[in-house]
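The lines below spell out each chain.
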2 protein chains.
Amino acid sequence: MVSSHDVARLAGVSQATVSRVLNGSKNIRQSTVEKVERAIKELNYHPNLNARNLVKKKTNMIALITGHTHDPFYEESTRGIVSIAAKKGYNVLVFFNKIDNDNMLYNQVLSAPVDGIIMSSILMNDSIFPVLESLEGKPYVTFNRKHSCGTNYFEIDNVKAGELITNHMIELGHKNLAYIGGPLQASTFHGRLEGFKKEANRQKIAVRDDWIKTTDTTIESIVQACKELFSGIEFPTAIVAATDAIALICLDFLLNKGFKIPEDISIGAIDNIEFSAHASIQLTTVGTHLSQSLGNLAMEHLINLIENKNKQLNSVTTTITPHLIVRRSTGNPRIK
Amino acid sequence: MVSSHDVARLAGVSQATVSRVLNGSKNIRQSTVEKVERAIKELNYHPNLNARNLVKKKTNMIALITGHTHDPFYEESTRGIVSIAAKKGYNVLVFFNKIDNDNMLYNQVLSAPVDGIIMSSILMNDSIFPVLESLEGKPYVTFNRKHSCGTNYFEIDNVKAGELITNHMIELGHKNLAYIGGPLQASTFHGRLEGFKKEANRQKIAVRDDWIKTTDTTIESIVQACKELFSGIEFPTAIVAATDAIALICLDFLLNKGFKIPEDISIGAIDNIEFSAHASIQLTTVGTHLSQSLGNLAMEHLINLIENKNKQLNSVTTTITPHLIVRRSTGNPRIK
DNA sequence: TTGTAAGCGTTATCAC
DNA sequence: GTGATAACGCTTACAA
């Protein structure tokens, strides 16, 4: 492996001078700059970032802990985060987490050589948080979900989101509502289910307990929930899915069963992933009016935290009010 | 930032001993292990990986250069690669590249502190390759696309894939074929277009020059291609898209224009991304019989290269024979 | 303008 | 078993 010493030797200068050229310092004769650059090119030298980072105590890397990008929501946010990071001179180390606290993973992230940590899929009682708090000097930020005792989060008003989509179904005339969500230790699922129940309650719509499904967000468990919902004599006429990703899986299930959407069954969700707008999907959902995604906002905030070290910024909490986006997956229930 | 020295001081041992405990070395008294571990916990110590990597000359990180995960193909491969990496103890640094050679990016990747490099979206004449070859000791691997002078690639037989989907259209009775692809400096697009032309030729089907569209794979340019295709008096009855991602965008365009698929227009593609099997898409496409994706195979190969340093493995070239997957986006042309 | 040398936080080779 | 100590490849005062 060629080092700056080799370059120095070839260029006939000291290693320190090579370093100066590399870092574009002023006060350095143009002719030596050229000598060094020629040597760099000739030896095909690339600085060892490990060594640099060690002395600079800065790596320009950030760690992202996200749910599997199988869920388009996480794919979109990951894409945005990596892009913003690149634009600002950071690289991102991607970690996928499971549904439950994963201490192995967290330890890895905690000692990863990164300047900050951004997380989307943590639980309200996640064990990483106390550690993170005690880790002075390594800023972190959360988006989508939040921790029960955490600050620095960017979320939508999940209760409101649940109310909006539920209200839409009820306004359409649906009385047989089902709900499919995820683990309630996630603040998103917790809030959305609360919104669903609250709105149903407010409108005096009784919801059967066994029509409220809590999955682990895997395809299998969502399909299982669908099977249970449509195995009895009575079916729901409308499904409120906690996320667009869940809705997409339900949709696949229902279409394969021969149901017509929305004639037979209405389906609506929350997240407004890009694909929901596709002409062959047209999912009614709940989204934000933001031009930036939550992930992008969080990433920009994280970079501010890293670079400004502005202690005032250290406890930003952002909750965005969502709104309903009506498309073609919801309609009036069939008259009996 | 707490270092192993701090731990040593608190535990009343030397820093070297802390290091030994950390690395689980034998020949160390159980009682001191406990002392050290207690100190580690108390100080909330996490080893500095930069320092460790510097001396070990190993980072357990790999760099992935991929197209934007906006294209589900890249999302799926990225997901697989990150998962395999994690399983094998590696983390992945994700870089998105543009359609053209991006020297800034490449320089970044080249000096990134990684043990190896995996790339999916390079061009046949990409400038990174000569450098990569000269970079002894940093293995690399390519999947999906390959470099004109590169080895270590995993691809499908793109010409064959182009032939298969084109043949399918012709067998259905289509005579007015259009093709929408991407930059021909990408081996995938190059081969797939070649296959398209070859098969049309073999079957004596004349294809209009202006019905062969080369986009830059952005949504805008694909939509533009669609507009051009469907603005004249004569329309194609079948579209061969070079990738499922392109087909999805065409599909959106066509459905929004009020076309029925496949009654008015058939559409088929290559890649067999997961979403193509969704009940609301049902895209006819070309895929492999592999249980693993190309990206996964490539990643496993890369880890072998890194860990075994087996020089024999150093020039693996894999070309998988693809097969047709008929779904509901293709059918017979309307009889005039 | 350039060179010398002291770290950065580890691992690993010696002695003891 | 454990403690010194020399790297690892870089940045950055401090000298010259």
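Residues numbered from 1 in each chain as written. Chains lettered and ligands numbered in written order. Predicted model: local features only at pLDDT ≥ 70, side-chain atom pairs only at ≥ 80, totals over all residues. Heavy atoms only, no water.

1. Concerning the overall build of chain A
When helices and strands are counted, chain A shows 12 helices and 12 strands. Over its C-alpha atoms chain A spans a radius of gyration of 25 Å, topping by over 25% the 20 Å that the globule rule assigns to 336 residues. Principal-axis analysis of the C-alpha atoms gives chain A an extent of 90 × 40 × 35 Å. Taking contacts inside chain A between residues at least 6 apart in sequence as the whole, the part at least 24 apart equals 73%. Carbon and sulfur atoms form 51% of the exposed surface of chain A, whose accessible area is close to 15000 Å². Distance between charge centres in chain A, computed from 36 positive and 33 negative side chains, equals 7 Å. (Helix = DSSP H or I, 4+ residues; strand = E, 2+ residues; numbered from the N terminus. Rg over C-alpha atoms; globule rule 2.2 N^0.38 Å. Contact = heavy atoms within 4.5 Å. Areas by Shrake-Rupley, 256 points an atom, 1.4 Å probe, with all protein chains shown as cover. Lys, Arg positive; Asp, Glu negative; His and termini not counted. Charge placed at Lys NZ, Arg CZ, Asp CG, Glu CD.)

2. Details of the nonpolar core
Counting 143 residues, the largest nonpolar core has I62, I118 and M299 of chain A together with I62 and I118 of chain B as its most contacted members. Residues in contact with I62 of chain A, not counting those within four places in the same chain, are I81, Y90, N91, V92, L93, V114, G116, I118, M299, L302 and I306 of chain A. Counting 38 residues, the second largest nonpolar core, distinct from the first, contains M61 and V109 of chain A together with L110 and L135 of chain B. (Core = buried A, V, L, I, M, F, W, Y, C linked by side-chain atoms within 4.5 Å. Buried < 20%, exposed > 50% of the residue type's maximum accessible area, 1.4 Å probe, protein only.)

3. Overview of the protein's contact with DNA strand D
Taken together, 26 residues lie near DNA strand D, and S4, S19 and Y45 of chain A together with T17 and R20 of chain B sit nearest. Looking at DNA strand D alone, sugar and phosphate atoms form 66% of those within 4 Å of the protein. One of the side-chain nitrogen or oxygen atoms of S19 of chain A is found 2.5 Å away from a phosphate oxygen of DNA strand D. Along the lines of polarity and charge, the residues of the surface near DNA strand D split into 10 nonpolar, 10 polar and 6 charged. (Near = heavy atom within 4 Å. Polar contact = N/O pair within 3.5 Å; in protein donor to acceptor, adjacent residues only side chain to side chain. Nonpolar A, V, L, I, M, F, W, Y, C, P; charged D, E, K, R; others polar.)

4. A short note on the pattern of salt bridges
Residues and elements named next belong to chain A. Scanning all chains against the criterion turns up 26 salt bridges over all chains. Linking K98 and D102 is a salt bridge whose minimum nitrogen-to-oxygen distance equals 3.5 Å. On the accessibility criterion, K98 (53% relative accessible area) is exposed. Judged by relative accessible area, D102 falls into the buried class, the value being 15%. Among the ionic contacts, a cluster of salt bridges with common partners joins E75, R79 and E274. (Salt bridge = Lys/Arg side-chain N within 4 Å of Asp/Glu carboxyl O.)

5. Quick notes on the environment of L135 of chain A
Checked against the element boundaries, L135 of chain A lands in the loop between α7 (128-134) and β4 (140-143). Separated by 50 residues in sequence, L135 of chain A and Q185 of chain A have C-alpha atoms that sit 24 Å apart. The contacts of L135 of chain A, once residues within four sequence positions are left out, are L110 of chain A together with H46 of chain B.

6. Brief notes about the relation of the copies chain A and chain B
The operation relating chain A to chain B is a screw motion whose rotation component is 180 degrees, with 0.1 Å of axial translation and a residual RMSD of 0.1 Å. Here the symmetry operator amounts to a two-fold rotation axis. Residue L93 of chain A of chain A places its C-alpha closer to the rotation axis than any other residue of that unit, at 2.3 Å. (Least-squares fit on C-alpha atoms with pLDDT ≥ 70 in both.)

7. Concerning the UniProt feature "domain: HTH lacI-type" (unreviewed entry) in chain A
When the UniProt feature table is mapped to this numbering, "domain: HTH lacI-type" (unreviewed entry) covers residues 2-56 of chain A. What you have in residues 2-56 of chain A is 69% helix and 0% strand, and the ends, taken at the C-alpha atoms, are 21 Å apart. (UniProt positions renumbered as here; feature names shortened; annotations may be inferred.)

8. Observations regarding the UniProt feature "domain: HTH cro/C1-type" (unreviewed entry) in chain A
Taking the numbering used here, the UniProt-annotated feature "domain: HTH cro/C1-type" (unreviewed entry) corresponds to residues 6-46 of chain A. Segment residues 6-46 of chain A splits into 68% helix and 0% strand. End C-alpha atoms: 11 Å apart.

9. Notes on the side chain of H323 of chain A
Residue and element names in this part refer to chain A. Here H323 shows up in strand β12 (residues 323-325). Among the polar contacts listed, one links the side chain of H323 to the side chain of H289, at a separation of 3.2 Å. Contacts of H323, omitting those with residues within four sequence positions, involve L164, T285, V286, G287, T288 and H289.

10. Topic: the protein's contact with DNA strand C
Near DNA strand C lie 28 residues; those nearest to it are T17, R20 and T32 of chain A together with S4 and S19 of chain B. Sugar and phosphate atoms constitute 67% of the interface atoms of DNA strand C, taking the interface as everything within 4 Å of the protein. A distance of 2.2 Å separates a base oxygen of DNA strand C from a polar side-chain atom of R20 of chain A. Within the backbone of R29 of chain A, a nitrogen or oxygen atom sits 3.0 Å from a phosphate oxygen of DNA strand C. Listing elements by their share of the surface near DNA strand C, those giving two or more residues are α2 (15-22) and α4 (49-56) of chain A together with α1 (4-11), α2 (15-22) and α4 (49-56) of chain B. Top element by residues in the surface near DNA strand C is α4 of chain B. It accounts for 5 residues.

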